[in-house]
Amino acid sequence: MVVDGVVASLVNASDKGVGFKVMCKDLGDTFRVFLPMEKVKGEQLLNMGDLVKVDFNKFFPSGNEVRMEVKSVTLDNGNK
């Protein structure tokens, strides 16, 4: 499933992967996402406030929050 979103936190890149929060207006919530280093395709270059397309498989619980199992997060360049 692909949804529109906005990067809602600083993007944290480490040797393990890339993590940040994405606010999805259509879903009505903000979700924490993490991409392991082997799946990263430029997400470390995103900035807070960037409009993005989030391609995800499912939601899953982690502690007291809901997270997204993400395939990719790409910059939304506005082309239709």
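Residues numbered from 1 in each chain as written. Predicted model: local features only at pLDDT ≥ 70, side-chain atom pairs only at ≥ 80, totals over all residues. Heavy atoms only, no water.

A.B. asks: Any chance you could explain the side chain of Asp50 here in plain terms?
C.D. replies: With respect to the helices and strands, the residue Asp50 is situated in the loop between strand 4 (29–36) and strand 5 (51–62). Buried charge without a salt bridge: Asp50, with Lys53 as the nearest opposite-charge side chain at an N-O distance of 15 Å. For Asp50, the side chain forms a polar contact with the main-chain nitrogen of Asn47, separated by 2.8 Å. Look past the residues within four positions of Asp50 in its chain and what remains in contact with it is Gly5, Val6, Val7 and Leu75. (Helix = DSSP H or I, 4+ residues; strand = E, 2+ residues; numbered from the N terminus. Buried < 20%, exposed > 50% of the residue type's maximum accessible area, 1.4 Å probe, protein only. Lys, Arg positive; Asp, Glu negative; His and termini not counted. Salt bridge = Lys/Arg side-chain N within 4 Å of Asp/Glu carboxyl O. Polar contact = N/O pair within 3.5 Å; in protein donor to acceptor, adjacent residues only side chain to side chain. Contact = heavy atoms within 4.5 Å.)

A.B. asks: For this particular structure, what's the right way to read the pattern of salt bridges?
C.D. replies: Oppositely charged side chains can form a pair if their charged atoms are brought close together. Tallied over the full model, the rule gives four salt bridges. The partner of Lys53 in a salt bridge is Asp4, and the shortest N-O contact between them spans 2.6 Å. Placement of Lys53 in strand 5 and of Asp4 in strand 1 (residues 2–7) is noted, with a sequence separation of 49 residues between them. Residue class for Lys53 comes out partly exposed when judged on its relative accessible area of 31%. With a relative accessible area of 34%, Asp4 lands in the partly exposed category. Notably, a salt bridge pairs Glu69 with Lys58, separated by 3.9 Å at the nearest N-O pair. Separated by eleven residues along the polypeptide, Glu69 in strand 6 (residues 65–75) and Lys58 in strand 5 bring together distant segments of the chain. On the basis of relative accessible area, Glu69 is assigned to the partly exposed category, the value being 30%. One salt-bridge network, in which partners are shared between bridges, spans Arg32, Glu65 and Arg67.

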